[in-house]
Amino acid sequence: MWKLSIEDDQSNKTVVNLVRDEYTLGRAEDNTVRLTERNISRHHAALARDGSGWTIEDRQSYNGCYVNGVRVGEPQRLEHGDLIQVGDYRLELVDDAATQVAPSRAATVPAVPKSQLLLGQPDRLVMLVGPTPGAEFALVGERVVIGRGEECDIAINHTSVSRVHAEVQSLGDGRYELVDRESANGVRLNGVELKRGLIDARDTIELGDVVFKYIPAGEIYALGADESQKLASVSPAFERLTPAPVRSGASQATKAVLAVFGLGALVVLGLVVARRDPAPVAEVTAAQVSDGTGRILQEALALVQQGEVEAAHLKILSEIPAESNARQSQEFRDIEARWADMLFDLAASETDPLKKREQLERIAKATTVDTARRKRANTELEQLEQGVAVTDLPPAPTPISTEAAGPKPPALKGGIVRKDPFASKAPVAAYPKTAPAPTPPPPTVGNDDLGDRAKLTAQKNALKSKVASGKATDGEARMLRALCRQLGDMSCVN
């Protein structure tokens, strides 16, 4: 008899005898097997008897189904011991007939079930994009250093990776923290650039152009067809395909054999490339998407036609999984390009430098936007941070007198005009030498001046606190120095 063993994330296990010909799995009450966690779709998947075995079909669920770590696209046949991952649930298909051992056969070493082999793997990083896609690196010890240098625990031979790029620090209980080691190309966690951050299950880690996925112990994962297409579309960016050095204590003879094998592979690859041109990478269209996201792309394109570009951007990012090949389709790229162009237009018309910087930073940090637009955003950010113009500062207080105020104070470098806080608002009128000049009235300060100066001081204090906490950008630091100069606070400038 076939059985389905279901285990949740609290290690609660339930066994279902498969006596029917079809079983549906999902969160809705009309399913044969109801799974109640929030990451389960209402109608998630279906099991159907296929002759003497079973097949599983994904019902276009949001989080998908995985068999032995590979995402299910088409109906897939199952075997005894296969592990099915549905949200936070692990399902194991068991055939009682296969577990029975004949009495005449004396098994000295019992066979290890496939499920135990898959679930017995340690915490690890799996390379998605890089010189050796699919390679796994175990996280052993309190600290694992990643970089291009051979002295690193995980050595990645790629030009975008610094010699010592980052490290993964163990915090205990299966928790890890990713730390940037002052790398040239930075570290991104789930597409967000940061100096350090906590790693969660199936998070993506980008070191330059190399991408890893963190898989915790007890979870199964294998590089699927969707991600293979994604790798094929970005493979031209990799100039060096030499495998990473072995860091598991292999003998010198083993290293020599691997080196000879790698050299031979490079020679063969060079001969093939010399004899024919490389085949162009096939473009993925919405009609070719096999994980049920073609409809989402069409709905997002309709939003773009209605002028709701931001809504279309949020829709495809939230509803299309990161590993889906739909993200390599031309429709997806067109939506992200329209979104980036919209932010460029908003930044060009924005008078507030902080808001302008915010729009440009959104483009620069969006890994779904093409490289040309991200480079343009970084270039405009650099130009914005080179100096703060007078028009970027808050408006200066209106003088009390509307008459000519005399010569303006000299301009400083960067286009900043220092305001002399001790200067009189009204110039002293010139009189003929024959008549005594009357004593000018003492300078007065209007309420508007006090209010504007208070606003500048408040803005300065807010930026000063942000800089002190280490959360301010370089542009905000330059803005703080500009405000300090305008207010005459030289200690703050230094």
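Residues numbered from 1 in each chain as written. Predicted model: local features only at pLDDT ≥ 70, side-chain atom pairs only at ≥ 80, totals over all residues. Heavy atoms only, no water.

Draft legend 1. Fine view of the environment of Arg 175. Inspection of the secondary structure puts Arg 175 in strand 17 (residues 175-180). Residue Arg 175 is classed as partly exposed on the basis of its relative accessible area, which comes to 43%. Among residues more than four places away in sequence, those in contact with Arg 175 are Gln 169 and Ser 170. (Helix = DSSP H or I, 4+ residues; strand = E, 2+ residues; numbered from the N terminus. Buried < 20%, exposed > 50% of the residue type's maximum accessible area, 1.4 Å probe, protein only. Contact = heavy atoms within 4.5 Å.)

Draft legend 2. Just the sheet that holds strand 12 (residues 124-129), in detail. The strand order 13-12-22-21-18-19 describes an open sheet built from 6 strands, whose pairing is antiparallel. Of all strands in the sheet, those with a lone pairing partner are strand 13 (136-138) and strand 19 (192-193), marking the two edges. Here strand 18 (residues 187-189) pairs with strand 21 (residues 204-207) via 3 bridges, running antiparallel. Counted as the bridge partner of Leu 189 is Ile 205 from strand 21. (Pairing = 2+ DSSP bridges.)

Draft legend 3. Structural detail: unusual backbone geometry. The phi dihedral of Asn 190 falls on the positive side, at around 55°, and the residue is not glycine. Looking at Asn 190, the relative accessible area reads 42%, which means it is partly exposed. One non-glycine residue, Arg 202, lies in the positive phi region at around 65°. Secondary-structure assignment places Arg 202 in the loop between strand 20 (196-199) and strand 21. The class for Arg 202 is partly exposed, based on a relative accessible area of 22%.

Draft legend 4. Geometry of the side chain of Ser 5. Along the chain, Ser 5 falls in strand 1 (residues 2-7). Assessed through its relative accessible area of 12%, Ser 5 is described here as buried. Once residues within four sequence positions are removed from consideration, Ser 5 is found in contact with Lys 13, Thr 14, Val 15, Arg 90, Leu 91 and Glu 92.

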